[in-house]
Amino acid sequence: MLTKSGTGSEIAQPYCYVRVSGAPSQTTPNSAFSMLSLADTYYAKAANQLSDLRDATDDFGDELMEDAAIDTAQEILHALQRSNYAPPELSWHGGDAVVMLWAVGDMTYAITVTDGEWGYVARRGHRQLRIEDSLKVDRFAIEDMR
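Residues numbered from 1 in each chain as written. Predicted model: local features only at pLDDT ≥ 70, side-chain atom pairs only at ≥ 80, totals over all residues. Heavy atoms only, no water.

**A closer look at the packing of aromatic side chains**
Per the stated rule, a full pass over the model turns up one aromatic pair. Arranged with centres 5.9 Å apart and planes meeting at 25°, the rings of Trp118 and Tyr120 form a pair that is stacked. The residues Trp118 and Tyr120 share a single accessibility class, namely buried. (Phe/Tyr/Trp six-rings, centres within 6.5 Å; stacked < 30°, edge-to-face > 60°. Buried < 20%, exposed > 50% of the residue type's maximum accessible area, 1.4 Å probe, protein only.)

Structure follows, in structure tokens:
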């Protein structure tokens, strides 16, 4: 969850990990087009959270997150959106890593993003299924890890 300098800001909620593709020829309330539109709204909120994080400071006036990590996270967020993946919940730790999270049932997916690098982990329950660390951002690719 992203908070800004200890003040009450909007808390990110996890979103369902769903890949949708294409827009239907007709628009109905439950159409894929509506889902893509909703996903775009949530992606905009995630992008705004990253912008807020860039401007956020701790109690001592120091930046909470390195700008380079935020730049890389924005690049990955755009790649996820272009690939029509559901928007992630955003979190951060250590001042140098943005974490993107998805949770569906007992599955958890996390992408950790630092300056120009990323890693991921997929877990079912408490069992780790896949892990990769310190990949260069130009190697970013998402595969279905269900």
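This is not the end of the story, as more comes after the structure.
**Some points on the nonpolar core**
Of all hydrophobic cores here, the largest spans 30 residues; its most connected members are Ile76, Leu80, Val98, Met100 and Ile111. Where this core is concerned, the elements lending two or more residues are helix 1 (32-55), helix 2 (67-82), strand 2 (97-104), strand 3 (107-114) and strand 4 (117-124). The element best represented in this core is helix 2, accounting for seven residues. The residues contacting Met100, other than those within four sequence positions of it, are Ala73, Ile76, Leu77, Leu80, Pro88, Glu89, Leu90, Tyr109, Ala110, Ile111 and Val113. (Core = buried A, V, L, I, M, F, W, Y, C linked by side-chain atoms within 4.5 Å. Helix = DSSP H or I, 4+ residues; strand = E, 2+ residues; numbered from the N terminus. Contact = heavy atoms within 4.5 Å.)

**Describing the pairing of strand 1 (residues 89-93)**
In the sheet, strand 1 pairs with strand 2 via five bridges, with the strands oriented antiparallel. By the bridge assignment, His93 is partnered in strand 2 with Ala97. Remark: three residues form the turn of the hairpin made by strand 1 and strand 2, two consecutive strands paired antiparallel; Gly94 in that turn has positive phi of roughly 70°. (Pairing = 2+ DSSP bridges.)

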